[in-house]
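# Notes for the structure review
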Amino acid sequence: MTMADDNRTINVNGETATFGIIGNPVHHSLSPEMHNAAFHALGLNNIYVPLPTTNLRDGIAGIRALGFRGASVTIPYKEDILPLVDHVDPVAARIGAVNTLVIKQQADGRSPAISGYNTDWIGANRALAEKLELKGSRVLIIGAGGAARAIGFGLKEAGAEVMVTNRTVAKGERLAGRLDCRFYRLEELGRLKADALINATSVGMTPKPENTPVPKEFLHNFAAVMDIVYAPVATRLLREAAASGCRVVDGLAMLLYQGAAQFELWTGRPAPIGVMRDILAKRLKTIQ
Ligand code: ATR
């Protein structure tokens, strides 16, 4: 079978290795296009497909039995997946969420072994590290959901000092407790200074791109500002941060690098970053 997309062609044959994305829903995901373009760029006989499921346990049994080599895991299963895999990477275990599965075929007909990793924190660190030395930096995270948790643990891994602020105080204090760091109320934002500020909430995302989590008069207190929102890529927060003289890191970078880390776990090869970035930029332009 041959599938033509723009000017590239993917050949699928009896030896093609399969990868996919497990979640519900998955039809909005940019990962299939990003990973297929990357496989193609390196001439790998791999294919990546959407795997929508309403039953995670059955879905995992399916990919285990059907010879899949790896998978992404997305909403709403990043936490539920932990007890269903054979091995969880220590950082993913601390975060309490897995977004990447590596499936190793076993000798002598034993069931394949599934390892779970979290590349969200790797993507966030790599994106921010392009603009800031992470070790020893002070970083303020806005938000206390799954994204904030992955980013917080990841920054601690890199030797940064983390602080948390969040709209719902109890939730923010809980995350700060887990990260063993300080919590600040949102009303205190104006008097906080740090090397970086990260928006780990959905504030500013389409369909409300006019919103921002931080008033622009506070932005000069941060050398770098990063946003996990990638639709639009140029969020109001990042536009105002750039105007205030901050270095900015957009959500496309985190999305790209978490995917690149997945690619590297699956293939053992450096990810073709330029190819992956081009696909994301092209697709994100059409959804803003
Ligand atoms: P995710 O797993 O993607 O991080 P989540 O668990 O729903 O998503 O967390 C969303 C985060 O965005 C939370 O910190 C949430 O704040 P609350 O804990 O107060 O709910 C934050 N958030 C979402 N909408 C917000 C808004 N309009 N203003 C401020 N914070 C908001």
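Just so we're clear, the structure is a prediction, and the values are computed from it rather than from any experiment. (Residues numbered from 1 in each chain as written. Predicted model: local features only at pLDDT ≥ 70, side-chain atom pairs only at ≥ 80, totals over all residues. Heavy atoms only, no water.)

## Focus: the overall build of the chain
For clarity, the cut-off: The numbering of helices and of strands both runs from the N terminus, where a helix is a DSSP run of H or I of at least 4 residues and a strand a run of E of at least 2. Only C-alpha atoms enter the radius of gyration, while the globule expectation follows 2.2 Å times N to the 0.38, with N the number of residues. Burial here depends on accessible area, computed with a 1.4 Å probe over protein chains only, as a share of the maximum for the residue type. Under 20% is buried, over 50% is exposed, and the range in between is partly exposed. The contact criterion used is simple: two residues touch if any of their non-hydrogen atoms lie within 4.5 Å. Each accessible area is a Shrake-Rupley estimate made with a 1.4 Å probe; only the visible protein chains count as cover when residues are assessed. For this count, His and the chain ends are skipped, Lys and Arg are scored as positive, and Asp and Glu as negative. For this purpose, a charge sits on NZ of Lys, CZ of Arg, CG of Asp or CD of Glu.
From N to C terminus, the chain includes 9 helices and 14 strands. In summary, the chain has a C-alpha radius of gyration of 19 Å against a globular reference of 19 Å for 288 residues, a match within 12%. The C-alpha extent of the chain, read off along each of the three principal axes, is 60 × 40 × 35 Å. Sorting the 288 residues of the chain into buried and exposed places 51% on the buried side. In the chain, 65% of the contacts between residues at least 6 apart in sequence involve partners at least 24 apart. Of the roughly 13,400 Å² of accessible surface on the chain, 52% is carried by carbon and sulfur atoms. Separation between the mean location of the 32 positive side-chain charges and that of the 27 negative ones in the chain comes to 2 Å.

## Structural notes on the pairing of strand β8 (residues 113-117)
Stated formally: Strand pairing follows a simple DSSP-based rule, namely that at least 2 bridges must link the two strands.
Direction of pairing for strand β6 (residues 87-88) relative to β8: parallel, over a ladder of 2 bridges. Residue Val88 lies in a different strand from β8, and its bridge partner there is Gly116. Looking at chain direction, strand β7 (residues 100-104) and β8 are connected through 5 bridges and run antiparallel. Bridge pairing in β8 places Thr100 opposite Tyr117.

## Description of the pairing of strand β9 (residues 138-142)
Every regular strand shows the same layout, with side chains that alternate between the two sheet faces. Summarising burial for β9: 4 of the 5 residues are buried, a large majority. Looking at chain direction, β9 and strand β10 (residues 161-166) are connected through 5 bridges and run parallel. In the sheet register, Ile141 faces β10, and the bridge partner there is Val164. For β9 and strand β12 (residues 194-199), the ladder comprises 4 bridges, and the chain directions are parallel. Paired with Ile141 across the strands is Ile198, a residue of β12.

## Observations concerning the domain arrangement of the chain
Selection rule: Marked domain ranges trace back to an automatic or database domain assignment. Summed over both partners, the accessible area lost on bringing two parts together, with a 1.4 Å probe, is the buried area.
For the chain, the domain assignment lists domain 1 (2-118 + 254-287) and domain 2 (121-249). Each of domain 1 and domain 2 has a C-alpha centre, and the two are 27 Å apart. On the side of domain 2, 18 residues touch domain 1, which itself brings 17 residues to the contact. Taken together, both faces of the contact between domain 1 and domain 2 bury some 1,600 Å²; the carbon and sulfur share is 63%.

## Let's talk about the sheet that holds strand β13 (residues 222-227)
Inclusion rule: Lines fitted to the C-alpha atoms define the axes, with helices restricted to the stretch that makes contact. Angles between their N-to-C directions range from 0 to 180 degrees.
Taken together, the 6 strands give an open sheet; going across it, the order is β11-β10-β9-β12-β13-β14, and neighbouring strands pair in parallel fashion. Because the sheet does not close on itself, it has two edges, and the strands there are β11 (182-185) and β14 (247-249). Within this sheet the neighbouring strands show an average axis-to-axis angle of 20 degrees, counted without direction. The strands that helix α4 (residues 120-129) touches are β12, β13 and β14; relative to β13, the one it contacts most, it runs at about 140 degrees.

## With respect to the packing of aromatic side chains
For clarity, the cut-off: Here a pair means two rings of Phe, Tyr or Trp (six-membered ring of Trp) with centres within 6.5 Å. Their orientation is stacked below 30 degrees between planes, edge-to-face above 60, and tilted elsewhere.
By the definition in use, this model includes 4 aromatic pairs. Centroid distance Phe19 to Trp266: 5.2 Å. Interplanar angle 45 degrees. Geometry classified as tilted. Here Trp266 lies in helix α8 (residues 251-267) and Phe19 lies in strand β3 (residues 17-23), a separation of 247 residues in the sequence. Residue Phe19 is classed as buried on the basis of its relative accessible area, which comes to 2%.

## Digging into the packing of helix α5 (residues 146-157) against helix α6 (residues 169-179)
Stated precisely, the cut-off is as follows: By definition in this entry, angles of less than 35 degrees are roughly parallel, angles greater than 145 are roughly antiparallel, angles of 65 to 115 are roughly perpendicular, and the rest are oblique. By definition, turning the near helix anticlockwise from the far helix through less than a right angle yields a left-handed crossing, and turning it clockwise yields a right-handed one.
Two numbers describe how α5 lies on α6: the axes approach to 10 Å, and their chain directions differ by 25 degrees. By the angle between their directions, the pair α5 and α6 is classed as roughly parallel. Once α5 is placed against α6, the crossing between them reads as right-handed. Contact with α5, carried on its side by Ala148, Arg149, Gly152, Phe153 and Lys156, involves Leu175, Arg178 and Leu179 of α6 and no other residues of that element.

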